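Analysis of the macromolecular model
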Amino acid sequence: MANITAAVIANRNKKHFLGVPAPLGYVAGVGRGATGFTTRSDIGPARDANDVSDDRHAPPASKRKKKDEEEEEDEDLNDSNYDEFSGYSGSLFSKDPYDKDDEEADAIYDSIDKRMDEKRKEYRDRRLREDLERYRQERPKIQQQFSDLKRSLATVTAEEWSNIPEVGDSRNRKQRNPRAEKFTPLPDSVLVHNLGGETTSAINPSSGLASMVPGVATPGMLTPTGDLDLRKIGQARNTLMNVKLSQVSDSVTGQTVVDPKGYLTDLQSMIPTYGGDINDIKKARLLLKSVRETNPNHPPAWIASARLEEVTGKVQIARNLIMRGCEMNPQSEDLWLEAARLQPIETAKAVIAQAARHIPTSVRIWIKAADLEMEVKAKRRVYRKALEHIPNSVRLWKAAVELENPDDARILLSRAVECCNTSVELWLALARLETYDNARKVLNKARENIPTDRQIWTTAAKLEEANNNIHMVEKIIDRSLTSLAANGVEINREHWFQEAIEAEKSGAVRCCQAIIKAVIGIGVEEEDRKQTWMDDAEYCAKENAFECARAVYAHALQIFPSKKSIWLRAAYFEKNHGARESLEALLQKAVAHCPKSEVLWLMGAKSKWLAGDVPAARGILSLAFKANPNSEDIWLAAVKLESENSEYERARRLLAKARGSAPTPRVMMKSARLEWALDRLSDALRLLDEAVEVFPEFSKLWMMKGQIEYQQKRIEEASQTYNQGIKKCPSSVPLWLLSANLEENRGALTKSRSILERGRLRNPKTPKLWLEAIRVELRAGLKEIAGTMMARALQECPNSGELWAEAIFMESKPSRKTKSVDALKRCEHDPHVLLAVSKLFWSEHKFSKCRDWFNRTVKIDPDLGDAWTYFYKFELLHGSEIQQKEVLERCIAAEPKHGEVWCTVSKNIKNWCFKTPDVLKAAIKELAIPI
């Protein structure tokens, strides 16, 4: 029993393959890698050459190849290729078996990489195109470089073309091949008439003329036997031509039905206008078709499909698509409108009529139907039909009213406000067409129906003002604010200010003033009132609403009557935008409230003086003296008034009184200048000696004293005066310049350089001292030293426009443009650099650019007299009379005071009575045309 049990257990544990023959190709140990291998000492492989290879567990050929490559790469996985940061350069797992999981993972990663690549494809393609375009712009093809020369070949005549020699041959084609034979096809007339003058209808193939006819006897080719009948050839040709013509001819009248213009138009319409990739179009078609089939009730899909076909030039397909879309979605007005757009006018009318039957309440469809009609009568008929279906459409009522005459429009509007009683525009339009009494009734009804709209109230105020009921305007505006606030409407200052501006532009001045007065204080804190109101006035002035600005200033002055700054702003506003009478009236009120303000007194006196009323100006100044005794500005204004009117003795007496009561440096300077101008040099020097003792730090006194002494040829004393002035006023740059110029004029060039060097040490980074030192070297003919000094000057003062302007014209002509570019980079908005660039364009005869740059210069700095001088001289030489007059008027309005050439003329004591036009015309003579 025990043996039986052991046998059963042994059979159970026995493997099923034991005793079974080995399968074909089986090699023991190959599953666990225990196969034979070959060494150098072996003669052959471990396996028998006749053994069948076992490929059951081997990967596919592609995987084996990949595995072999990875095994080759394993050679790189050694210590020499190891990096602490990035590791081995090869794959650490290349020796592992490649199974189905690896293959599936690789497929997944490949699909992800492909998807990510598709996402970035559009950006990458666009980037590639941009780089390519930029590359083409930077490095154009030779074909592009010679494109202009190719276009010019169109003007080459046939004779010139034939005379062009071949490459490497200087001789002409005719000279190169003089014996070349030329063959010219003969016409039928020559073939018909033989050399003897006899007429024949055939050609003998053996004759020489036969070789000239195609298909006739030619050596080496089959030749028809017999003669050629030329008449039959001509008849056949005529018959063929008649057949072709009859295909395009009218069978009734015999006239051609081909319209050349229409034919070309049709050809043009057949050319697809889309320039993109055809594959993109196919993809878009496929996608849109899928959308249409998935959701046929989606109108945008039909519209997009139709527009795609339209873009690609297939208009008829687009029309068919959109009509199918309309059948599927008859309630979509977008589809019907798109269908009407794609169809011709007559067909579009039928489409819109069908749309109106399906959607009779669509405003857009009725408006499109009216637009398709050409006659006004038909349009009216359409709109009236539309209003029967949609009586509450404001848009339809407005469109219908615009087509009517005033009487019919009033009737229509009376009906419109009944149907649309909440439309402000319709109520206001009706009020404008009615008489005064009826308009008041209309506006009252409008206020009842729409109690929350401010336009109705402002229109009522304008109506009262237009009918001279001025007292009602302010009442209506006040009542409007109360009513709107009671109905819960927020009073917005900005909106009401805009209403005031619109009222002024429509001519309702009282209405705009009433609005400003009513709303100016709403929502403004007490401490912010002044600044807020000044900002409001500036805003109104920018919007050219001058009456609104006046109303703001009037209210501000009523609240703050003693604020000098508000009076000044109001006065300047009247000076710039108002009349002289309004300015003088305002200034009278201003000096009454602010008698201590000297500026207001002086503005009033100047206004009277400019108007030619000198006694009134004197009266204002006398009142100013009483209010401001010992005021320097008023004393000097009175002196200027008398001297400008040639009352020199009165001016001297006034200055004497001023020196006694208010001996200031300016009073002393003006006293000495008046004596100097009247050629009383001894009195002028006496006054200056007294003045420099009392005011030694006022540099202009030293300058005037030195100039008078130089005028008297007392060179040494003038030099001493300048030296004393420099010691007392070392920071006065004009004193250093006058002293250096004096020494240069004496011939002491070294001393002049020394003075300028000392001046630069005492006043570092002063462009004018550097500029004068450079010009001293240029006047001495030392251009190299001047260039070196200019380089040093630009290092110390890199942002000085005066130095850059001088540096531009120190360069040679070819280098000036480059220098000007550098100057503009450093000093883009400096008037001296802009003036130098203007002169540069002038020297290059680029007059249009020159004028533009002159305008930029005077706009940036209107106080620079040199810019106006060059500009006016340019217009005198190259401009019209209108342009010359315009520049002169702008210069007078700007009243420039600075500029090198300008000050040379205006500060000259001989020109002390010159006005701005006189200085401008005198300065022109000092200029040279830029070369």
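Residues numbered from 1 in each chain as written. Predicted model: local features only at pLDDT ≥ 70, side-chain atom pairs only at ≥ 80, totals over all residues. Heavy atoms only, no water.

On to the nonpolar core. Judged by nonpolar contacts, the single largest core of 126 residues is most densely connected at Ile365, Leu396, Cys511, Ile516, Cys548 and Leu600. Per-domain counts for this core show at least three residues from each of domain 1 (274–431) and domain 2 (451–560). The contacts of Leu600, once residues within four sequence positions are left out, are Lys564, Trp567, Leu568, Leu587, Ala590, Val591 and Cys594. Within the second largest apolar cluster, 80 residues are counted, among which are Ala718, Ile755, Ala805 and Leu927. (Core = buried A, V, L, I, M, F, W, Y, C linked by side-chain atoms within 4.5 Å. Buried < 20%, exposed > 50% of the residue type's maximum accessible area, 1.4 Å probe, protein only. Domains from an automatic or database assignment. Contact = heavy atoms within 4.5 Å.)

What follows covers the UniProt feature "coiled-coil region" (unreviewed entry) in the protein chain. UniProt records the feature "coiled-coil region" (unreviewed entry) at residues 125–152, using the numbering of this structure. Across residues 125–152 one finds 86% helix and 0% strand; the C-alpha atoms that close the span lie 36 Å apart. (UniProt positions renumbered as here; feature names shortened; annotations may be inferred. Helix = DSSP H or I, 4+ residues; strand = E, 2+ residues; numbered from the N terminus.)

Another aspect to go through is the packing of helix 16 (residues 363–372) against helix 17 (residues 376–389). Closest axis-to-axis distance for the helix 16/helix 17 pair is 8 Å, and the angle between their directions is 165 degrees. Here helix 16 is positioned roughly antiparallel relative to helix 17, judged by the angle of their axes. Read as a crossing pair, helix 16 and helix 17 show a hand that is right-handed. When helix 16 is examined against helix 17, the residues Trp366, Ile367, Ala369, Ala370 and Asp371 are found in contact with a partner set consisting of Lys379, Val382, Tyr383, Lys385, Ala386 and His389. (Axes fitted to C-alpha atoms, helices over the stretch in contact; angles between N-to-C directions. Parallel < 35°, antiparallel > 145°, perpendicular 65-115°, else oblique. Left-handed = near helix turned anticlockwise from the far one by under 90°.)

Together, Lys575, Lys606, Lys640, Lys670, Lys700, Lys897 and Lys907 make up a region of like positive charge exposed at the surface. Assignment of secondary structure puts Lys700 in helix 36 (residues 699–711). (Patch = residues over 30% accessible without salt bridge, like charges linked within 9 Å, V, L, I, M, F, W, Y side chains within 5 Å. Areas by Shrake-Rupley, 256 points an atom, 1.4 Å probe, with all protein chains shown as cover. Salt bridge = Lys/Arg side-chain N within 4 Å of Asp/Glu carboxyl O. Lys, Arg positive; Asp, Glu negative; His and termini not counted. Charge placed at Lys NZ, Arg CZ, Asp CG, Glu CD.)

Glancing now at the packing of aromatic side chains. The full count for this structure, using the stated rule, is ten aromatic pairs. Judged by centre distance (5.6 Å) and plane angle (50 degrees), the rings of Tyr553 and Phe573 are tilted. Within this pair, whereas Tyr553 is found in helix 27 (residues 546–559), its partner Phe573 is found in helix 28 (residues 564–577), the two being separated by 20 residues in sequence. Tyr553 gets classed as buried once you look at its relative accessible area, which sits at 8%. According to the relative accessible area criterion, Phe573 is buried, its value standing at 5%. Aromatic side chains Phe841 and Trp853 sit 6.0 Å apart centroid to centroid with 45 degrees between the ring planes, which places their arrangement in the tilted category. A residue pair is termed long-range when its members are at least 10 positions apart, and Phe841 in helix 44 (residues 831–843) and Trp853 in helix 45 (residues 847–860) qualify at twelve residues. (Phe/Tyr/Trp six-rings, centres within 6.5 Å; stacked < 30°, edge-to-face > 60°.)

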